[in-house]
Structure formats: C-alpha cells, structure tokens
Amino acid sequence: MPPAIVVDRISKCYRVTPPGERSDYDTLRESLMKALTRPFRGRGPRRDDRFWALQDVSFEVEPGEAIAIVGRNGAGKSTLLKVLSRITKPTSGEARLRGRVGSLLEVGTGFHPELTGRENVFLNGSILGMSRKEIGRRFDAIVAFAEVEAFLDTPVKRYSSGMYGRLAFAVAAHLEPEILVVDEVLAVGDAEFQKKCLRKMGDVAGEGRTVLFVSHNMGAVQTLCRRAVLLEKGQVKRIGPTREVVAEYLKASDAEATVPLAERRDRSGEGRFRFAELTLLGPDGHPRAYAVTGEDMTLKVKIAVPDDGPLSSPLEIGIAVREPQGMRITELGSHFVGASPTTGAAAKEVTCFVPRLPLLPAQYRLDLWCGVMGETEDYLLDAVVLEVEPGNYFRNDKDARLPVTEKHGYCMIPQQWSSAGV
C-alpha cells in the first residue's frame with residue numbers, strides 16, 4: 001500500500017522585510033510613506049533578509065500510522081503542518097497526501113462570540129467541511145464530549161476559556177478524515193479533558209486513520225505515537241522510534257538552565273496568572289542545566305501577573321515531580337508550608353529551595369500549577385525536564401553508597417541504622 005503522506009525535500013523561505021523597504025503586502029499608504037522617507041535613511045550594508053523555516057525536509061507516513069513531530073519553539077513544526085494542510089505553499093519540494101485531510105491547527109476558528117454554543121457548533125462544523133446533515137447526526141456526541149450541555153444556548157462570549165476550548169475541540173474531533181493533522185493547541189481544558197482529547201486521537205489512529213501530531217507534551221507523544229520526527233532549525237535531525245527521538249530532544253532541551261514557558265500553548269486554566277519562565281539553580285546559586293543527588297537545589301519560577309496589588313486570596317503554586325514513565329512521585333507546594341504569595345508583586349518571582357535533593361539519577365518531568373482557592377489559573381503538563389546526576393546522598397558516611405535507580409526506586413529519605421548493643 002502506498003504511503004498516506006510523502007514529504008519530499010520541502011523547504012519554506014520567508015522574506016523578512018527590513019524597516020523602510022517595500023513588502024508585497026504593503027498598503028498604498030505604507031508604500032507612499034516608505035517612498036517619502038527613503039532619502040533620509042542611511043545606506044548601511046544590506047543583510048540577508050531570508051528566513052528558512054524549513055530546509056529539505058523529507059519523510060513518509062504509512063496509512064494508519066500515528067507519527068509525532070517534535071522540536072523546540074521555532075524549529076519549523078507549525079510551518080510544516082501549514083504546508084501539509086495547504087495553508088501555505090512550500091518554496092521548493094512537494095507533499096503528497098492520499099485521502100481527505102482534517103487540519104486541526106486553530107481550535108475555535110470560526111466561532112462567533114455573539115452566537116450560542118449550539119449555533120457555533122453548526123457554524124464551526126461547516127467551516128471544517130461538515131455538511132449540516134453530518135453535524136446533526138453527530139451533534140449529541142459533540143455536546144456530550146464537550147460537557148457543556150447546560151450552556152448550549154448561551155453566547156460563547158460568556159464561556160470560560162476552558163468551556164470554549166472544549167466545545168471547539170469536540171467539533172473538530174468528530175470529523176472523519178483519512179488524515180488528521182493535529183497541532184499542540186488541541187491540548188485544551190483541564191488535565192482530565194486533555195486525557196480525554198488524547199484518548200479520542202488514539203481512537204482515530206486505532207480506526208486506521210493517519211495522525212500527524214505536534215506537541216510539547218512528551219508523555220502524550222510517547223503514548224500516542226510509535227514513531228517521531230525531530231526538527232531542529234527547520235531541518236530533520238532524526239527520525240525513528242518515539243522513545244529514542246524524545247530522549248534526544250529532551251537531551252538537547254536540557255542544555256539551558258532557564259526554560260521559557262510564556263509561548264507554551266498546551267496549557268489550561270483561567271490565565272490571569274501564567275508561568276513565564278523556570279530556572280534551575282545549583283547549590284552556589286548559579287543557573288545550571290542539571291541537579292545532583294544529595295546537593296541543594298533551587299527552582300526559580302517567574303510568573304506573569306495582572307497587577308502588583310494585593311490578591312483576594314494567596315496564589316498557590318505547585319510543582320509535581322514525575323518519574324520517566326509518568327508516575328507522580330511527589331509534589332512541592334507553596335501552600336504546604338504557608339508561603340503562597342499574597343500580592344501580584346510577590347508572585348512575579350517565586351523560589352522553591354530543596355535541601356539535599358533526595359531524587360536518584362534519572363530524567364524527571366515537572367508539571368507546574370498555580371491557582372487561587374483551588375481554582376486553576378495556569379497548568380502546564382511536562383513543563384520542564386529535570387536531569388538529576390549521581391551524587392552522594394549519604395554524604396556524612398564515608399562508606400555510604402549511592403542506590404541504583406533501576407533497583408531501588410527514585411527517591412531517598414533520611415535514615416539512620418543501628419545494631420543491637422551499639
């Protein structure tokens with residue numbers, strides 16, 4: 001059987017227009033203003049104003065295969081999906097897709113704020129290529145999936161961000177294309193609904209349809225896809241089994257001690273407070289890309305806040321620690337020790353000091369959560385990878401040995417042993 005998707009040496013170049021130069025997209029007014037101001041501009045050296053978002057990208061996807069596209073922000077993932085979805089043309093190369101394509105790149109495109117949820121289901125379904133009869137046949141399933149039955153006849157401008165996202169995804173998820181192209185923006189709603197979304201995409205793949213999935217959620221990628229493509233600076237760095245590709249991606253991501261979070265779209269919550277950055281500090285207080293068993297560690301979190309004034313209730317901040325297979329080991333929480341910020345100014349930068357780190361060597365996942373009175377403001381699953389290197393946890397004993405992660409678990413606790421008569 002021929003491949004469902006063939007990506008053949010695709011490149012995409014964008015022209016970055018220098019200030020003052022004419023662009024193909026200028027209005028008449030902009031063109032006139034640039035012409036009038038040209039005599040007053042200097043003649044500096046002309047720079048290369050081309051930006052290659054993709055360069056000679058090639059791979060194939062078999063029918064019924066779910067494949068992931070991973071890479072850091074700016075690697076070219078979204079550009080590739082837009083090329084495959086015929087939203088933009090490649091500069092060179094070609095893509096061949098067999099069958100109807102459902103592109104889920106912008107959840108909620110076509111939703112009108114003044115229309116009710118019911119009306120927007122039909123409007124959005126039509127935009128995504130469904131006939132009115134098809135929408136009517138799937139309407140009950142869409143509403144049940146979105147869990148918004150009580151608000152169907154309410155204008156969506158009154159929906160919370162979670163309700164809006166759930167309804168938008170539900171409409172998109174009930175298409176029946178041969179090829180499903182899914183961007184990371186589909187990780188909407190709370191943690192339980194995100195799992196529900198992933199199960200739905202797993203069902204699509206299980207029905208023999210082809211899935212192309214982009215996400216920063218490495219747990220979801222490994223659950224859904226057996227194979228992955230790693231993009232770096234617009235080029236294919238590696239194609240292979242998902243576990244191996246994810247390991248290489250995470251290793252490259254760990255090169256920086258500070259992880260930017262502001263641009264992450266796979267998040268949920270009301271969004272008044274949002275995680276912007278996380279930095280790992282070593283025992284000397286300097287940024288470091290890894291932690292060491294038995295050494296002091298500090299996590300510094302920067303949060304975008306609406307204003308600097310007093311908060312109605314303290315902003316609770318939680319950092320969940322999960323082992324490589326996804327099982328939660330423990331959680332660090334400002335509310336556990338009564339240290340939650342009470343003003344916007346205090347919440348801008350919060351640190352969590354962990355003395356004598358008890359984690360054994362491994363790659364851990366950190367989930368970030370913040371909320372007010374238990375209500376989620378921001379939640380990031382797989383926000384950061386924490387690389388822990390070997391160290392001497394029992395450093396006060398010269399004969400102490402470091403336990404082995406595979407044999408003894410992932411976490412140590414303080415302990416003292418004695419023998420009878422000693």
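Going along each chain's sequence as written, the residues are numbered from 1 onward. Only residues with pLDDT of 70 or above have their local features reported here, since the model is predicted, and side-chain atom pairs are shown and tallied only from 80 upward, although totals for entire chains, interfaces and linings are computed over all residues. Hydrogens and waters are ignored; side-chain quantities use all the structure's heavy atoms.

Turning our eyes to something else, we now look at the overall build of the protein chain. Counting from the N terminus, the helices are the DSSP runs of H or I reaching at least four residues and the strands are the DSSP runs of E reaching at least two. The number of helices and strands found in the protein chain is 10 helices and 19 strands. Two residues form a contact once any of their heavy atoms are found within 4.5 Å. Restricting the contact set of the protein chain to residue pairs at least 6 apart, pairs at least 24 apart contribute 70%. Summed over its atoms, the accessible surface of the protein chain is roughly 22,200 Å², and 52% of this surface lies on carbon and sulfur atoms. The method behind every accessible area is Shrake-Rupley, applied with a 1.4 Å probe, and residues are considered shielded solely by the protein chains displayed.

The next thing to look at is the environment of Phe145. By the secondary structure assignment, Phe145 is in helix H4 (residues 132-146). Sequence separation between Phe145 and Arg166 is 21 residues; the distance between their C-alpha atoms is 8.0 Å. The residues touching Phe145, leaving out its near neighbours within four places in the chain, are Phe169, Ala170, His174, Phe193, Lys196, Cys197 and Lys200.

The next thing to look at is the sheet that holds strand E2 (residues 50-61). Two strands pair if DSSP finds at least two bridges between them. Pairing is antiparallel across the open sheet formed by three strands, whose spatial order is E2-E1-E4. Edge strands, defined here as strands with exactly one partner in the open sheet, are E2 and strand E4 (92-97). Adjacent strand axes in the sheet meet at a mean angle of 25 degrees when their direction is disregarded. Only the stretch in contact is used when fitting a helix axis, every axis being a line fitted to C-alpha atoms; angles between N-to-C directions are given from 0 to 180 degrees.

A word on helix H5 (residues 161-173). Residue pairs spaced three or four apart in an α-helix point in one direction, given the helix's 3.6 residues per turn. To estimate how far a helix should extend, the number of its residues minus one is multiplied by 1.5 Å. Taking 1.5 Å of rise per residue, 13 residues should cover 18 Å, and H5 covers 18 Å from first to last C-alpha, within 8% of that figure. Burial classification: accessible surface area is computed with a 1.4 Å probe over protein chains only, and a residue below 20% of its type maximum counts as buried, one above 50% as exposed, and the rest as partly exposed. The buried fraction of H5 is high, at 11 of 13 residues. Inspection of H5 places Gly162, Met163, Gly165, Arg166, Leu167, Ala168, Phe169, Ala170, Val171, Ala172 and Ala173 among the buried residues, and these make up the whole buried set.

A word on the pattern of salt bridges. We count a salt bridge whenever a side-chain nitrogen from Lys or Arg sits within 4 Å of a carboxyl oxygen from Asp or Glu. Tallied over the full model, the rule gives 20 salt bridges. Asp266 is paired through a salt bridge with Arg264; the nearest N and O atoms lie 2.7 Å apart. We classify Asp266 as buried; its relative accessible area is 3%. Three or more residues are tied together by salt bridges with common partners; here these are Arg322, Arg365, Asp367 and Asp382.

Counting residues in each nonpolar core, the largest one holds 35 residues, and the members touching the most others are Phe275, Met297, Ile303, Leu315, Tyr364 and Leu386. At the level of secondary structure, the elements contributing two or more residues to this core comprise strand E12 (274-281), strand E14 (297-304), strand E15 (315-322), strand E17 (349-354), strand E18 (362-372) and strand E19 (375-389). Broken down by element, this core gets its largest block of residues, six residues, from E18. With residues near it in sequence (within four places) discarded, Ile303 still touches Phe273, Arg274, Phe275, Ala276, Leu315, Ile317, Ala347 and Lys348. As used here, the term nonpolar core means buried Ala, Val, Leu, Ile, Met, Phe, Trp, Tyr and Cys residues forming a set that is joined through side-chain atoms within 4.5 Å. Judged by nonpolar contacts, the second largest core, of 24 residues, contains Ile69, Val83, Leu105 and Val214.

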